[in-house]
Each structure stands twice: as structure tokens, then as C-alpha cells.
Amino acid sequence: MVRTAVSLVVLFVSLLVAVPANATSTPPVRFPPGFLWGVATSGFQSEGHFPDSNWTRYARKKEAYGDSIDFRHRYPQDLKRAANLGVGVFRTSVEWARIEPRKGRYDWREIRYYDDLFRRVRANGMRPMITLNHWVHPGWVHDRGAWQNEKTVQDWLRFVRFVVKRYGGGDTLWITFNEASQYIFHEVTDGKLPLSKVPVMSRHLIRAHRAAYDLIHRLRPGAMVSTNVAYGSPVNGLFDMAVFNEVTDKLDFIGVDYYYGANAENLTAVNAATGAFWNVEAQPEGLYYVLKKYQRRLPKLPLYIVEAGMATDNGKPRKDGYTRSQHLRDHLYWVQRALADGVKVMGFNYWSLTDNYEWGSYRARFGLYTVDVKKDRELRRVPTDGVATYRSVIARRGVPAGYVPVKRPGWCSVEDPAATCSGRVPTPPAP
Ligand code: BGC
């Protein structure tokens, strides 16, 4: 008891007096020439015209999915929009439900759609980052218990083999499971998976990732494979326990999704739990701490921010006045700071190229291009201020000279209390 009290006091005092490891005035360096810039989306969220799957079923009880932003037919123009930003990576998922809508029956019309999609990704000067599961599985898989059934592991690996053989040429990057912890979370909250069954799903996802990693490397020896971390500030440890911690020896890069941080002055991340993402106040410096933290943990691996972005409420200006352009610049400033500190960041994908179906609603809008699915029958892609900003940061390989983040760092960040509880971290202007 006494010993615990003494250790707590020692911990508290050391937090107060600790010289923040990163409160240096290291100015941000420019992004290196080979840095991978990208945009990210997912099949279900953007394609529309979707075959039977767990999510077409869940969506029946939510805001109507309709045909989303009809990426299924408008991809040629959307890929041009992406390429015009100057990005070199286009991330999307290949949907198992589209390729194999019934067990053993492949849909060749849909396969030809993906053939053309990836042909055009390359023709537009980009390389694909393919997600092999972005929370969606076919209806027939759902009917037999999805990841509760161990047959799903083998059947999914058959699908993986097909996709890797077909689209794995050149320098395709791979994400096996997008945010595996959040896949489980949605199966519990939307799919009514009993909590007692979570360990089984976890175990099967771990097994499937490990086998897919080996399979991809057998078929494409130089491939780069990951499953991305869903960074969730106060509960991050819990999220990582679900799958990530068990597969760190089967990763070629650390994929990080960063949306919401938290500090003693900003606990608005709780709004993410109810889907009111537009009420979450950004914490750009959190990204810096998250990158450093994962780099310390897995020092040999490079990091790739495979998703980062900000929600508005139906496209309206945010209550805090923060714009997409400011959000983007502020976050990239902190990535530059991480690079200056020697963190091996290899890429950054903006989530998302366009607004899309945010897992049950069109209200939270994350797109560089906004699309009013409910009111605009033409589904026009209207550029936000993020478009010009992203284009210019990519072209200059960094934020403008002298840039100081709009959002000042908060006090005592959950991401790194030792470095931030003794004072605010300075933000020197970018060179
Ligand atoms: C998911 C995306 C989602 C985004 C914004 C990420 O966790 O991978 O599918 O749209 O967050 O909420």
C-alpha cells in the first residue's frame, strides 16, 4: 500500500519536472522526395450498387445507403481528381462481396470493374494501396457466423490469393484488415455479436492476417503489408490488444489512422463514440506523439499514416471555425516535426477523397470534395478548401515557410503525458 503511494508520488513529481523529450525547437524538415502522398476511401462507403453483405443488412436499420456517391460508375473522373492533387497512392478496398457474391461463384462483371479501376489508378500515375477487408464481408459469410466460423479464414484467404495474383503487380501496397479492432467493435454494436464471442473473432482475424501476410509475400516477395492501427486515445491499449499486438512480427510498415487525440483541455474525442464526429475538436500535435510512440515500440519499421481527416456536420462550417485546410496543414506540420526528430514516416493518405457513407449516415463529411448525397441527384463533387491546400503542400513538400499551426498544442496530452504535462510544447515556425 505504502509502496504504491510512494510510486504514485514519484510518478507524479517526475511528470511535473520531466524535461519534455520533444519540447525542442527542432524546426520541421521538408517531406523527402520519395514520400508517399495519397488519398483513401473504401469500397462499401463509396461504390454504391452493393451486393448482399453484413453492411447492406445493417444499413437497412440506418440512414438509407442508396447508391452512395456512385464511385462504382464515376471512378474514372474521381481518379483524375485524385491524380490532380498530385498524390501517388490511391487507397481503396476490393470487396469480397462483389467478387464472390455467392460461395464459389465469381462475378466477372465486377472483377472487370476492379481490373479497370486498378488499370486506371496506374494510368493516372498512382500506385494502389489495396485493403482486403474494410469491415465488410459477403452475406453468405455472415449467414454462417462470419468470423465465428473458422471456415471463413480459409475462404477469405482464397479471396486474398485471387486479389493478390490479379492486382498485386508492381508496387501495390496492402492492408489486410482495416482497423481490425473497429471491425470487431462494429460487429458487436451493429451486428449484435455477443461480447463473449469477441475473443473468437479476434483469434480468427489474427490467424487470417498472419496467413495473408505470408501468402502475399510468397506471391509477391517484395510486397509491403500492414494492418492499420485505429488510434483511439484513451482506449488505445484496448484497441491494440484486439489484433495489432499479436501481429507486429508480420508487418512491413506500421499503418496508423489518426483522427482524435485527447488532452487535459480537450476531451471532445468522446463525441466519436456517438458518431457526432463533427463535435470532436482536433488535436494535431497528438499525431506527432502517436508516431513517436509507435516508432519507439517498433523501431525497425517505417510508419505510414494511412488515414487522417476531419468531419464537418453535413458540410456546414464547423462550430469551432476550424477549416479542412487548417486541419490538413496543422497535421502535416506535426508530421514534419516527427520527420525532423528522425521518425521514419513513409506516407500520408487523406481520408477521404470525397464524402461517403459514414457507416450508417451521410451526415459526417470527411471529403476533400464534398458530395450532397441526399439532396444532389447529380452527386456533384464540390471542392472544399482542402483541395488547394493538399495540392500545394504536396507540390512544396511541406507547409508554407514560417507556418505556425492554427491549433495550439494542448496541455497534458494522453498521447505522451511525460512530454506534455510539464508545459506546452513550442511550435516553432516552419523554415
Ligand atoms: C475508418 C473509415 C471511416 C473513418 C472516419 C476510420 O476509422 O477506417 O472507414 O470512414 O474512420 O470515421
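Refer to the preceding data block for the structure.
Residues numbered from 1 in each chain as written. Predicted model: local features only at pLDDT ≥ 70, side-chain atom pairs only at ≥ 80, totals over all residues. Heavy atoms only, no water.

A separate point is the overall build of the protein chain. Broken down by element type, the protein chain carries 15 helices and 13 strands. Here the C-alpha atoms of the protein chain give a radius of gyration of 21 Å, agreeing with the 22 Å that 2.2 N^0.38 yields for 431 residues. C-alpha extents for the protein chain along the principal axes are approximately 65 × 55 × 45 Å. A burial count over the protein chain gives 59% of its 431 residues as buried. The contacts of the protein chain with a sequence gap of at least 6 include a subset with a gap of at least 24, amounting to 79%. Carbon and sulfur atoms make up 58% of the accessible area of the protein chain, which totals about 17300 Å². Distance from the positive charge centre (60 side chains) to the negative charge centre (41 side chains) of the protein chain: 3 Å. (Helix = DSSP H or I, 4+ residues; strand = E, 2+ residues; numbered from the N terminus. Rg over C-alpha atoms; globule rule 2.2 N^0.38 Å. Buried < 20%, exposed > 50% of the residue type's maximum accessible area, 1.4 Å probe, protein only. Contact = heavy atoms within 4.5 Å. Areas by Shrake-Rupley, 256 points an atom, 1.4 Å probe, with all protein chains shown as cover. Lys, Arg positive; Asp, Glu negative; His and termini not counted. Charge placed at Lys NZ, Arg CZ, Asp CG, Glu CD.)

We now examine the pairing of strand E8 (residues 303-308). Put simply, side chains in a regular strand alternate between the two faces of the sheet. Summarising burial for E8: six of the six residues are buried, a large majority. Both strand E7 (residues 254-260) and E8 contribute to a ladder of five bridges, which runs parallel. Bridging across to E8, Val-256 finds its partner in Ile-305. Pairing of E8 with strand E10 (residues 345-351), which is carried by three bridges, proceeds in the parallel orientation. For Leu-303, the partnering residue across the bridge sits in E10 and is Val-345. (Pairing = 2+ DSSP bridges.)

Going through the model one piece at a time under the given rule, you end up with 42 aromatic pairs. Relative to Phe-50, the ring of Phe-44 has its centre 5.0 Å away and its plane inclined at 85°; by these criteria the two rings are edge-to-face. Between Tyr-333 and Trp-334, the aromatic rings sit 5.3 Å apart at their centres with planes inclined by 80°, giving edge-to-face as the arrangement. On the basis of relative accessible area, Tyr-333 is assigned to the buried category, the value being 0%. Taken together, the ring pairs in this structure connect Phe-44, Phe-50, Trp-55, Tyr-58, Tyr-65, Trp-135, Tyr-357, Trp-359 and Tyr-362 into an aromatic cluster. In this arrangement the basic side chain of Arg-81 is found over the ring face of Tyr-369, its NZ or CZ atom lying 5.8 Å from the centre. (Phe/Tyr/Trp six-rings, centres within 6.5 Å; stacked < 30°, edge-to-face > 60°. Lys NZ or Arg CZ within 6 Å of the ring centre and 35° of its normal.)

Moving on, we come to the state of the cysteines. With the rule as written, the count across this model stands at one disulfide. The partner cysteine of Cys-412 in its disulfide is Cys-421, sulfur to sulfur 1.9 Å. Between Cys-412 and Cys-421 the sulfur-sulfur dihedral comes to about 75°; the bridge is accordingly right-handed. Residue Cys-412 shares its accessibility class with Cys-421, and that shared class is buried. (Disulfide = S-S within 2.5 Å.)

Here the focus is the side chain of Ser-181. By the secondary structure assignment, Ser-181 is in helix H9 (residues 180-189). Of note is the side chain of Ser-181, whose polar atom sits 3.0 Å from the side chain of Gln-182. The residues touching Ser-181, leaving out its near neighbours within four places in the chain, are Ala-230, Phe-239 and Ala-242. (Polar contact = N/O pair within 3.5 Å; in protein donor to acceptor, adjacent residues only side chain to side chain.)

A few words on the sheet that holds strand E6 (residues 229-232). Taken together, nine strands build an open sheet; the order of strands is E5-E4-E3-E2-E1-E10-E8-E7-E6 and the sheet is parallel. If you trace the sheet from one side to the other, it starts and ends with strand E5 (224-226) and E6, each paired once. Across the sheet, the mean angle from the axis of one strand to that of its neighbour is 25°, orientation sign disregarded. Across the sheet, helix H6 (residues 108-123) touches strand E2 (89-93) and strand E3 (127-133), and the angle it forms with E3 is around 145°. (Axes fitted to C-alpha atoms, helices over the stretch in contact; angles between N-to-C directions.)

Contacts to the ligand come from Gln-45, His-134, Trp-135, Asn-178, Glu-179, Tyr-259, Glu-307, Trp-351, Glu-358, Trp-359 and Phe-366. For the ligand, an oxygen atom lies 2.7 Å from a polar atom in the side chain of Glu-358. At a separation of 2.9 Å, an oxygen atom of the ligand approaches a polar side-chain atom of Trp-359. Relative to its unbound accessible surface of 310 Å², the ligand loses 94% to contact with the protein. Residue classes in the shell around the ligand are distributed as five nonpolar, three polar and three charged. (Near = heavy atom within 4 Å. Nonpolar A, V, L, I, M, F, W, Y, C, P; charged D, E, K, R; others polar.)

What follows is about the environment of Asp-155. Here Asp-155 is to be found in helix H8 (residues 151-167). Residue Asp-155 is classed as buried on the basis of its relative accessible area of 7%. A sequence separation of 14 residues divides Asp-155 from Val-141, and the C-alpha atoms of the two residues are 9.0 Å apart. Once you skip the residues sitting within four places of it in the chain, Asp-155 turns out to touch Trp-96, Lys-103, Trp-140 and Arg-144. Of the polar contacts made by the side chain of Asp-155, one reaches the side chain of Lys-103; its length is 3.3 Å.

Before going further, it helps to examine helix H13 (residues 324-340). Taking 1.5 Å per residue as the helical rise, H13 with its 17 residues ought to reach 24 Å, and the 24 Å between its terminal C-alpha atoms agrees with that figure. Among the 17 residues that make up H13, 15 are buried, leaving the element largely enclosed by the rest of the structure. (Expected span 1.5 Å × (residues − 1).)

Let us look at unusual backbone geometry. The omega torsion across Trp-351 and Ser-352 is 15°, close enough to zero to call that bond cis. Residue position: Ser-352 is located in the loop between E10 and strand E11 (364-365). One non-glycine residue, Glu-179, lies in positive phi territory at about 35°. Within the secondary structure layout, Glu-179 lies in the loop between strand E4 (173-177) and H9. Positive phi is not limited to glycine here, since Lys-192 has a value of about 60°.

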